[in-house]
Number of protein chains: 2
Amino acid sequence: MGQLTGGDPSLLRRINSAVVLHALRATDCATLTEITRVTGLSRPTVEGVVEGLIEGGLVVEAAAEDGARRQGRPARRFRFRAEAGHLLGLEIGPHRVAALLSDLDGRVLGAQAKEVDETAPADERLDRLRGAVAELLRRAGVARSSLRAVGVGTPGIVEADGTVRLSTALPQWTGLRLGERLSRSFRCPVLVENDANAAAVAEHWKGAATETDDVVFVLAGLSPGAGSLIGGRLHRGYGGAAGEIGALHLLGREAKPEALLSTTDEPLHPLDEQAVAEVFALAREGDQRARAAVERFIQRLVHDVAALVLALDPELVVIGGWAAGLDGVLEPLRCELARYCLRPPRVALSVLGEAAVATGALRLALDHVEEQLFAVDGTVTARR
Amino acid sequence: MGQLTGGDPSLLRRINSAVVLHALRATDCATLTEITRVTGLSRPTVEGVVEGLIEGGLVVEAAAEDGARRQGRPARRFRFRAEAGHLLGLEIGPHRVAALLSDLDGRVLGAQAKEVDETAPADERLDRLRGAVAELLRRAGVARSSLRAVGVGTPGIVEADGTVRLSTALPQWTGLRLGERLSRSFRCPVLVENDANAAAVAEHWKGAATETDDVVFVLAGLSPGAGSLIGGRLHRGYGGAAGEIGALHLLGREAKPEALLSTTDEPLHPLDEQAVAEVFALAREGDQRARAAVERFIQRLVHDVAALVLALDPELVVIGGWAAGLDGVLEPLRCELARYCLRPPRVALSVLGEAAVATGALRLALDHVEEQLFAVDGTVTARR
């Protein structure tokens, strides 16, 4: 990148700072000469920028190591201080709350999950989450004041300000000002996202979708939801409701998935994942009623996924949501999509499994911090 | 916009030229002083740029008019020459081919349509189109060499190079290298687009969707298709197949629309729009069989539209496709979407009707030319 020779000096400093930080972050450590070469900035500019970054705590001089043994004074080396701040990725689900902690490079330093009853009121659910976060920070020896951003993934339609507009999965969740509530526990920005959206981001970051920018992630619960990346960017929809495909089965007045998957005349509880896992297990063992139930469920899922695929035309569909049992849906899905979609996408199973939502929330927190550190006039200069 | 003071001089010239052209296009005509004030460029720079644009034929000195009566020498005034080039928007449909001609401001100068048999082979269909274009240019007195870009809307999945990957609506259309075929008739770029996509662009430009950037246009034929704008940009999908929702009804093995809408035991011909209009007319007159048929058809359409809405969450759904009869579907659609969608969109009828596809094709041609005239390093500086 060439050096700019005019314009607003504070903007220039920010640009040059972002460029140097990006160059440093891409290597273990580098000399001023190396930074000068990679960035195309002048030596005095690089020296000034590095000095400022050291003062801000984001860069540190690396220990001399082998260099001291060589003749003459070894060149000073500098590195990005990924430990200068920390990030949290949180999941608030029907059965559990989970937290992931990382440094500014997104390297995961620890994880903590707690079970929570699906009938738990909002206060109790948030208390469990706060407990998990406190334990995680204590175990990792990270001060709360070191947190730079917190991402949260949870079921429902989430407004831009972090309010849950609608959520049928969790008690007292609709209307909850979740972002504001959690902001009381953290002094850094809190970013709330729909759980399927967060999972889509996670699979794109380090899961089944690292090779594509056009992916639909299907959270194949009893009320399926989906998150979509278009051109690598999350597609939230005009009102944050994109991908809420679970309502489609209401239209045909057909049976709901909890009835479809039941092997008795009683429907399953919509959130009873263990009962679902048992039906899948029974089906694998050859139980006729369970096999028929799984067959009905797969037909329903195929229909919902086909609707998403026909509307969006992704390169890849990732199926996730239940830890076990879902691998059986891949082949039927592939077959049916190939029959009915004009251009069938690839279909893959989630790689991240139950870690997907918290991982995606962490990535969203990292995106936020990277925008602050590396952004030039709203444009992120680089994504790792 | 401030003046740049360094860098590549030819890039600078292009930027300054785009800035001046944009300023001129936004007014009837302007003096050098006015251009200098609006653009923030220096007087000598503006003089040089305007000189270059006059040489290129894109700008002309306006006649003196009232100015001559004032004392002293009147200031010279300049205007954008919208007549310096022309654009075509073409529709190639099952029953007709249509062409729209405009100047570089997108002002429509003439239109020409010709009927074509739905069974006509590709060569015959293209001949009819060429005939319509030749008539239109002759009537408008516009030379073929004046054309700067041609947009085309047609049913099917269209590749980026203008090849029709798949089209079930038109004979011999699948696999046709449509862009290449039409390029033989024109010396300017030919841009081929799916018809529903083109219609979505048209309604956004000058139809029912001018107020929103997140819209789904449903071409509600017997095999419905859809085009979507997300954030004002066309969402084509990874393989150009986004919105091909017509295949969804195949999944439930339910009756196809042509059977749904039939009032006899025989299905309608999939492309027989007149028969469809008759069924709608009979239903309005109270015919019981026709009313039941329309009811079945609306249920089907609601389901397909709901799938699109749940997947994409647009602000607005525009229903178009048939010239008559569709107004009856709006209320049922609104009711059903309100019941089943978590955040129901507004629903409106197409404003452009059967002109939508050609109008959208024209807008795509205009976009292409604007990118050439006003683009700075791939960024369009302004959209009208």
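Quick caveat, the model's predicted, so the values are computed rather than measured.

Draft legend 1. Quick look at the overall build of chain A. Counting its secondary structure elements, chain A contains 12 helices and 17 strands. Classification of the 384 residues of chain A by burial places 55% in the buried group. Long-range contacts, defined as pairs at least 24 residues apart, comprise 63% of the intrachain contacts of chain A with a sequence gap of at least 6. Carbon and sulfur atoms form 49% of the exposed surface of chain A, whose accessible area is close to 17,100 Å².

Draft legend 2. Just the relation of the copies chain A and chain B, in detail. Mapping chain A onto chain B calls for a rotation angle of 180° and an axial translation of 0.0 Å; the resulting RMSD is 0.0 Å. Seen this way, the second copy is the image of the first under a two-fold rotation axis. Considering only C-alpha atoms, the residue of chain A closest to the rotation axis is A:A307, which sits at 2.8 Å. A shared interface surface links the copies, since 100% of the contact residues of chain A are contact residues in chain B too.

Draft legend 3. Local environment of helix α3 (residues 43-55) of chain A. Residue and element names in this part refer to chain A. Taking 1.5 Å per residue, 13 residues should reach 18 Å; α3 reaches 18 Å between its end C-alpha atoms and fits that length. Within α3 the residues assigned to the buried category are T45, V46, V49, V50 and L53. Summarising the axial view, the buried residues of α3 lie within an arc of 125°, below the 170-degree limit, and thus occupy one face. In α3, the exposed positions that point more than 90 degrees away from the buried face belong to P44 and E55. The first or second residue beyond α3 is G57, which carries a positive phi of 85°.

Draft legend 4. Fine view of the sheet that holds strand β11 (residues 215-219) of chain B. Residue and element names in this part refer to chain B. Across the sheet, 5 strands lie side by side as β13-β12-β11-β14-β15; this open sheet has mixed pairing. Two strands bound the open sheet, and with one partner strand each, they are β13 (233-234) and β15 (346-349). Relative to strand β14 (residues 316-320), β11 runs parallel, the two being bridged by 5 bridges. By the bridge assignment for β14, V215 is matched with L316. Sitting on the sheet, helix α6 (residues 195-206) touches β11, β12 (225-230), β13 and β14, and the angle it makes with β12 is about 45°. Together, β14 and β15 form the strand contacts of helix α11 (residues 330-340), whose direction differs from that of β15 by roughly 165°.

Draft legend 5. Looking closely at the sheet that holds strand β12 (residues 225-230) of chain A. All names here are of chain A. Strands sit in the order β13-β12-β11-β14-β15 across an open sheet of 5 strands; the sheet is mixed. A strand with exactly one partner marks an edge of an open sheet, and here the two such strands are β13 (233-234) and β15 (346-349). By the bridge criterion, 5 bridges tie strand β11 (residues 215-219) to β12 in an arrangement that is antiparallel. Each residue of the ladder has a partner; that of F217, found in β12, is G227. Packed on one face of the sheet, helix α6 (residues 195-206) meets β11, β12, β13 and β14 (316-320) and runs near 45° to β12. Together, β11, β12 and β14 form the strand contacts of helix α10 (residues 288-312), whose direction differs from that of β11 by roughly 155°.

Draft legend 6. Representation of the packing of helix α2 (residues 32-39) of chain A against α3(A). Residues and elements named next belong to chain A. At a closest axis distance of 9 Å, the pairing of α2 and α3 adopts a crossing angle of 115°. As far as their axial angle goes, α3 and α2 are roughly perpendicular. Crossing geometry of α2 relative to α3 is assigned as right-handed. Where α2 abuts α3, its residues L32, T33, I35, T36 and T39 lie against R43, V46, E47 and V50.

Draft legend 7. The nonpolar core, seen in detail. Counting 68 residues, the largest nonpolar core has A:V218, A:V305, A:I319, B:V218, B:V305 and B:I319 as its most contacted members. Setting aside anything within four residues of it in sequence, one finds B:V305 in contact with B:V218, B:V317, B:I319, B:L333 and B:L337.

Draft legend 8. Spotlight on unusual backbone geometry. All names here are of chain A. The backbone of D313 sits at a positive phi, close to 55°, despite the residue not being glycine. Here D313 is to be found in the loop between α10 and β14. Judged by relative accessible area, which is 2%, D313 ranks as buried.

Draft legend 9. How the structure looks around the pattern of salt bridges. Applying the stated criterion across every chain yields a total of 44 salt bridges over all chains. Between A:E47 and A:R43 there is a salt bridge whose closest N-O contact spans 3.4 Å. Here A:R43 and A:E47 lie together in helix α3, a separation of 4 residues that amounts to about one turn. When the shortest N-O distance is used, the salt bridge between B:D367 and B:R363 registers 2.8 Å. Residue B:D367 and its partner B:R363 are located together in helix α12 (residues 356-374), separated by 4 residues, close to a single helical turn.

Draft legend 10. Layout of the packing of aromatic side chains. Residue and element names in this part refer to chain A. As enumerated under the stated definition, the model contains 2 aromatic pairs over all chains in all. Taken together, a centroid distance of 6.0 Å and an interplanar angle of 90° make the contact between F280 and F297 edge-to-face. Here the residue F280 occupies a position in helix α9 (residues 273-284), and F297 occupies one in helix α10, the gap between them amounting to 17 residues. Of the two residues, F280 and F297, neither departs from the other in class, the shared state being buried. Taking the ring centre of W205 as reference, the NZ or CZ of R363 above it sits at 5.1 Å.

Draft legend 11. Region of the structure containing the side chain of A:R125. Residue and element names in this part refer to chain A. Its location among the elements puts R125 in helix α4 (residues 122-140). Buried charge without a partner: R125 forms no salt bridge, and the closest opposite charge is D117, 6.6 Å away. Among the polar contacts made by the side chain of R125, one reaches the main-chain carbonyl oxygen of A120 at a distance of 3.2 Å.

Draft legend 12. Structural context of the environment of B:C341. Residues and elements named next belong to chain B. For C341, the position within the fold is in the loop between α11 and β15. Residue classification places C341 among the buried residues on the basis of a relative accessible area of 7%. Along the sequence, C341 and V309 sit 32 residues apart, while their C-alpha atoms lie 7.6 Å from each other.

Definitions and cut-offs
- Residues numbered from 1 in each chain as written.
- Chains lettered and ligands numbered in written order.
- Predicted model: local features only at pLDDT ≥ 70, side-chain atom pairs only at ≥ 80, totals over all residues.
- Heavy atoms only, no water.
- Helix = DSSP H or I, 4+ residues; strand = E, 2+ residues; numbered from the N terminus.
- Buried < 20%, exposed > 50% of the residue type's maximum accessible area, 1.4 Å probe, protein only.
- Contact = heavy atoms within 4.5 Å.
- Areas by Shrake-Rupley, 256 points an atom, 1.4 Å probe, with all protein chains shown as cover.
- Least-squares fit on C-alpha atoms with pLDDT ≥ 70 in both.
- Expected span 1.5 Å × (residues − 1).
- Arc of directions from axis to C-beta.
- Pairing = 2+ DSSP bridges.
- Axes fitted to C-alpha atoms, helices over the stretch in contact; angles between N-to-C directions.
- Parallel < 35°, antiparallel > 145°, perpendicular 65-115°, else oblique.
- Left-handed = near helix turned anticlockwise from the far one by under 90°.
- Core = buried A, V, L, I, M, F, W, Y, C linked by side-chain atoms within 4.5 Å.
- Salt bridge = Lys/Arg side-chain N within 4 Å of Asp/Glu carboxyl O.
- Phe/Tyr/Trp six-rings, centres within 6.5 Å; stacked < 30°, edge-to-face > 60°.
- Lys NZ or Arg CZ within 6 Å of the ring centre and 35° of its normal.
- Lys, Arg positive; Asp, Glu negative; His and termini not counted.
- Polar contact = N/O pair within 3.5 Å; in protein donor to acceptor, adjacent residues only side chain to side chain.

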